[in-house]
Amino acid sequence: MKNPISGLNKIFDSRIRLGVMSVLVVNEEISFNDLKAMLEVTDGNLATHLVTLEENSFIKVHKGFIGRKTNTTYSITNVGERAFKDHVKALEGMIKGIK
Amino acid sequence: MNPENEPIQALADIKQMMDRSSRFVSLSGWSGVAAGICALVAAWLAGKKFNEYPISENKYEANAGYSRDGNLLHLDRELLILAVVTFLTAFFFAFLFTYLRSRKTGVPIWGFMARRVVINVAVPMIAGALLIWRITDYGLYGLIAPACLLFYGLALINASKFTVSEVRYLGYLQLLLGVINLWAIGYGLYFWAAGFGVLHILYGIVMWNKYERNEKAVV
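Residues numbered from 1 in each chain as written. Chains lettered and ligands numbered in written order. Predicted model: local features only at pLDDT ≥ 70, side-chain atom pairs only at ≥ 80, totals over all residues.

**Student:** Lay out the overall build of chain A with the relevant residues and their values.
**Tutor:** Helix and strand content of chain A: four helices and three strands. Taken from the N to the C terminus, the helices and strands of chain A come in the order α-β-α-α-β-β-α. The principal-axis extents of the C-alpha atoms in chain A amount to approximately 55 × 25 × 20 Å. The buried share of chain A, taken over its 99 residues, is 27%. In chain A, of all internal contacts separated by at least 6 residues, the share reaching a separation of at least 24 is 57%. (Helix = DSSP H or I, 4+ residues; strand = E, 2+ residues; numbered from the N terminus. Buried ≥ 20, exposed ≤ 12 C-beta atoms within 10 Å, placed from the backbone. Contact = placed C-beta atoms within 7 Å.)

**Student:** A description of helix α8 (residues 188–212) of chain B should follow, citing residues and the corresponding values.
**Tutor:** Every α-helix winds through 3.6 residues per turn, so residues three or four apart in the chain are directed the same way. Between its terminal C-alpha atoms α8 of chain B stretches 33 Å, which fits the 36 Å expected from 25 residues at 1.5 Å a residue. Of all bends in α8 of chain B, the biggest is about 30 degrees, found at A194 of chain B. (Expected span 1.5 Å × (residues − 1). Bend = angle between axes of the 7 residues up to and from the residue.)

**Student:** I'd love a proper account of the interface of chain B and chain A, names of residues and values included.
**Tutor:** Listed per partner, the contact involves 14 residues of chain B and 16 residues of chain A. Of all the elements, helix α1 (residues 6–22) of chain B adds the most residues to the side of chain B that touches chain A, at 11 residues. Tallied by class, the residues present in the side of chain B that touches chain A amount to eight nonpolar, three polar and three charged. (Nonpolar A, V, L, I, M, F, W, Y, C, P; charged D, E, K, R; others polar.)

**Student:** Account for the nonpolar core, naming residues and giving values.
**Tutor:** Core analysis: the biggest nonpolar cluster contains 43 residues, and A34, A39, C148, L149 and W192 of chain B have the highest contact counts within it. When residues of this core are traced back to their parent elements, those giving at least two are α2 (29–52), α4 (70–105), α5 (112–137), α6 (144–159), α7 (166–182) and α8 of chain B. Top element by residues in this core is α6 of chain B. It accounts for 12 residues. In contact with W192 of chain B, not counting residues within four places along its chain, are A43, A145, C148 and L149 of chain B. The next biggest cluster of nonpolar side chains, apart from the first, holds 23 residues, and it includes L39, L50, L53 and I76 of chain A. (Core = buried A, V, L, I, M, F, W, Y, C linked by C-beta atoms within 7 Å.)

**Student:** Just give me the short version of the sheet that holds strand β2 (residues 59–66) of chain A, but keep the residues and values in it.
**Tutor:** Where strands meet in a sheet, backbone hydrogen bonds hold them as pairs that are either parallel or antiparallel. Pairing within the open sheet is antiparallel, and its three strands lie in the order β1-β3-β2 (chain A). Sheet topology places β1 (30–31) and β2 of chain A at the edges, where each strand pairs with a single neighbour. (Pairing = 2+ DSSP bridges.)

**Student:** Quick rundown of the pairing of β2 of chain A? Include the residues and the values.
**Tutor:** The side chains of a regular strand alternate, first on one face of the sheet and then on the other. Residue and element names in this part refer to chain A. The sheet contact formed by β2 and strand β3 (residues 69–76) spans eight bridges and is antiparallel. Bridge pairing in β3 places V61 opposite Y74. Where β2 hands over to β3, the hairpin turn is made up of two residues, of which G67 adopts a positive phi near 65 degrees.

**Student:** An account of the confidence of the model for chain B is requested, with residue identities and associated values reported.
**Tutor:** Averaged over every residue, the pLDDT of chain B is 86; the share at 70 or more is 88%. Across the interfaces of the predicted complex, the ipTM metric reaches 0.82, alongside a pTM of 0.78. (pLDDT = per-residue confidence, 0-100.)

**Student:** Kindly report on the pairing of β3 of chain A, identifying the contributing residues and their values.
**Tutor:** Bridging between β1 of chain A and β3 of chain A involves two bridges; their strand directions are antiparallel. Across the sheet, the residue bridging to S31 of chain A is T73 of chain A, located in β3 of chain A.

**Student:** A description of unusual backbone geometry should follow, citing residues and the corresponding values.
**Tutor:** Residue and element names in this part refer to chain A. In this structure, E40 takes a positive phi of about 55 degrees despite not being glycine. Its place among the elements puts E40 in the loop between α2 (32–39) and α3 (43–55). Classification of E40 by C-beta neighbours within 10 Å gives exposed; the count is 9. A positive phi angle, near 45 degrees, is found at S57, a position not held by glycine. Structurally, the position occupied by S57 is in the loop between α3 and β2. According to the C-beta neighbour criterion, S57 is exposed, with 12 such atoms within 10 Å.

As structure tokens, then:
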């Protein structure tokens, strides 16, 4: 039998990164500030995790402007969506394994 | 934490984040009840206005296509003012109760989810308002109430993707009333009162009962 833990993605060990992916999987595009409010984290903390996700090409960053203020938005990539779904499947597999 | 519960906890977190970030749930049931009461009062006042003028409400509505005399123009203006005041009052109370609820639960009202709901309601409503404006210009009064109900129903169905699913059923019911009213021209005020008054009150009670009754205050 396949080891169910093998599907778990180390990148999603962090609750914040997992939270970001959960929000992005149901929202086409979301701004940094909305994401921050949603996850209730600080600027710096969120930014670090977003960089990690971007480096793994799980999310795409769009830099835009509203007037003179920067408006950075994020969306999920195909790679990211697949990784997230595999991770969820692995979690479900673990629960079934326990039962 | 018990390590066996970790995947369960993680899945619960994921589900909660997906839910919280995709649906606007702060609207209070009392907002619906208040809007419904405003609508019933407005319908009653409109009915009284019809009686003050030398034409009956059914004739006013059935007066399709005829040019309007001075009396009717005066009535038009009074009804328009009544409609605007009703809308503002209902909006004020809806906002007030939702504000009070959000203070209790600690969930902010105005986020991107609320913005999404407002935009999705506003687009069909503005289209409907323009249509009703033109309908009145042509004197087709009988179509005002069904147009209100149809476009409001569509607006609710449109926005229901981003909020609680009960809104969709409310939308379908408004739509149904609007369609029936299309073949019952002359009884618009009753249909309007049923849709905007009775249905809103019922919806508010259902929502309060389901979501708010056992809500705990956040200290």
